[in-house]
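Structural features, examined
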Amino acid sequence: MRLRNVPGSRELIADSRFTIKNETEYRGKWNTVFGNDHPLHIEIGMGKGQFIMTLAEKNPDINYVGIEKYSSVLVRAIEKQEEMNLPNLFFIRMEAENIAEVFDQGEVERIYLNFSDPWPKDRHAKRRLTSMQFLERYEQILKKEGHVIFKTDNRELFDFSLEQAMASSHWKIFNHTFDLHQSEYVEGNVMTEYETKFVEKGNAICRMEIGQKET
């Protein structure tokens, strides 16, 4: 997908009070950013922020960090946050590969992955956010009882994701569905911008929830 460049987006992100700069400095100290010890949930690849902002508004006792690497997309979320001014939500512009440098072991309680880039070529499989390489990164930052929740309309990516979780000796699948909006798991579901469009077209949404195995 080609993203339209937004002039001045990097400057806006750098100046925003809702974006975290020098994010590695807060590793193990995210409670100081929010000024409380509430649970920390993150979304990797948050896009324009509809999903995470809805969650933050509904759950004031949970802290949220939205992660997005594209400046031209992140600025849209910042514009919305300027209006909503949610105290329990901050943003980071960064590459997901560096996630373990930003959050400490057991610091994150939940990770959301929504409609991630499928990286369809086999040689790019390790870049998929549900690849074994990324599962290892999540294992470093997630609480033992924490969960990763993944949604996509891409069946090939979803099958790959299930296979990666099942192949891992550290992860187990708590539940999954190939058609979220016709399943029991739709209750309480918060939709992203993409999800809204896909559902309107009649596309089936796949969802899985995974967590670490007890050792």
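1. Considering the layout of surface pockets
Size it by volume and the second largest pocket reaches roughly 250 Å³. If you go around the second largest pocket, you meet 17 residues; those closest to its centre are Tyr112, Ile149, Gly188, Asn189 and Arg207. A total of three residues in the lining of the second largest pocket trace back to one element, the largest contributor, which is strand β4 (residues 108-114). Taken together, the residues that form the lining of the second largest pocket break down as eight nonpolar, five polar and four charged.

2. Some words on the packing of aromatic side chains
Aromatic ring pairs are described here by two measures, namely the spacing of the ring centres and the angle between the planes. Overall, the coordinates contain nine aromatic pairs when judged by the stated rule. Summarising the aromatic geometry, the rings of Tyr26 and Trp30 are spaced 5.7 Å apart at their centres and angled 50° between planes, so their arrangement reads as tilted. Accessibility expressed as a relative area gives 27% for Tyr26, which makes it partly exposed. Residue Trp30 is classed as buried on the basis of its relative accessible area, which comes to 2%. Between Phe158 and Phe178, the aromatic rings sit 5.5 Å apart at their centres with planes inclined by 85°, giving edge-to-face as the arrangement. In this pair, Phe158 sits in helix α6 (residues 155-167) while Phe178 sits in the loop between β6 (171-177) and α7 (193-201), placing the two residues 20 residues apart along the sequence. The ring of Phe160 has Arg128 sitting right over it, with the charged end atom 4.5 Å from the ring centre. Arg137 extends its terminal NZ or CZ atom over the ring of Phe134, reaching a point 4.5 Å from the ring centre.

3. Section: the nonpolar core
Core analysis: the largest hydrophobic core is formed by 38 residues, its most contacted members being Trp30, Ile42, Ile44, Phe103, Ile111 and Tyr138. Counting residues per element, this core draws most heavily on α6, which supplies five residues. What Phe103 contacts, discounting residues up to four positions off in sequence, is Arg27, Trp30, Leu40, Ile42, Val65, Ile67, Ile92, Val108 and Ile141. Met46, Ile52, Tyr64 and Leu74 belong to the second-largest nonpolar core, a separate cluster that totals 20 residues.

4. Some remarks on helix α5 (residues 132-141)
What α5 keeps buried is the set Phe134, Leu135, Tyr138 and Ile141. Angular distribution of buried residues about the axis of α5 spans 120°; they occupy a single face of the element. On its buried side, α5 packs onto β1 (40-44), β4, β5 (142-152), α6, β6 and β7 (206-212).

5. Describing the environment of Glu139
Its location among the elements puts Glu139 in helix α5. Residue classification places Glu139 among the partly exposed residues on the basis of a relative accessible area of 23%. Measuring from C-alpha to C-alpha, the distance between Glu139 and Gln212 comes to 7.5 Å, with 73 residues separating the pair along the chain. Other than its neighbours up to four places away in sequence, Glu139 contacts His170, Trp171 and Gln212.

6. Brief notes about the pattern of salt bridges
Overall, the coordinates contain seven salt bridges when judged by the stated rule. Between Glu79 and Arg76 there is a salt bridge, with the nearest N and O atoms lying 3.3 Å from each other. You can see Glu79 and its partner Arg76 sitting in helix α4 (residues 71-84), three residues apart, about one turn around the helix. Overall, the relative accessible area of 37% leaves Glu79 in the partly exposed class. Between Lys151 and Glu195 there is a salt bridge, and its shortest N-O distance comes to 2.6 Å.

7. Some words on the environment of Lys29
Mapping Lys29 onto the fold places it in the loop between α1 (9-15) and α2 (30-34). Classification of Lys29 as partly exposed rests on a relative accessible area of 42%. The spacing of Lys29 and Glu79 is 50 residues in sequence and 26 Å in space, taken between C-alpha atoms.

Rules of the game
- Residues numbered from 1 in each chain as written.
- Predicted model: local features only at pLDDT ≥ 70, side-chain atom pairs only at ≥ 80, totals over all residues.
- Heavy atoms only, no water.
- 1 Å grid on protein atoms, 1.4 Å probe; cavity = no way out; pocket = protein on both sides within 12 Å on 5 of 7 lines; lining within 4 Å.
- Points joined across faces, edges and corners; volume = space filled by probe spheres on them.
- Helix = DSSP H or I, 4+ residues; strand = E, 2+ residues; numbered from the N terminus.
- Nonpolar A, V, L, I, M, F, W, Y, C, P; charged D, E, K, R; others polar.
- Phe/Tyr/Trp six-rings, centres within 6.5 Å; stacked < 30°, edge-to-face > 60°.
- Buried < 20%, exposed > 50% of the residue type's maximum accessible area, 1.4 Å probe, protein only.
- Lys NZ or Arg CZ within 6 Å of the ring centre and 35° of its normal.
- Core = buried A, V, L, I, M, F, W, Y, C linked by side-chain atoms within 4.5 Å.
- Contact = heavy atoms within 4.5 Å.
- Arc of directions from axis to C-beta.
- Salt bridge = Lys/Arg side-chain N within 4 Å of Asp/Glu carboxyl O.

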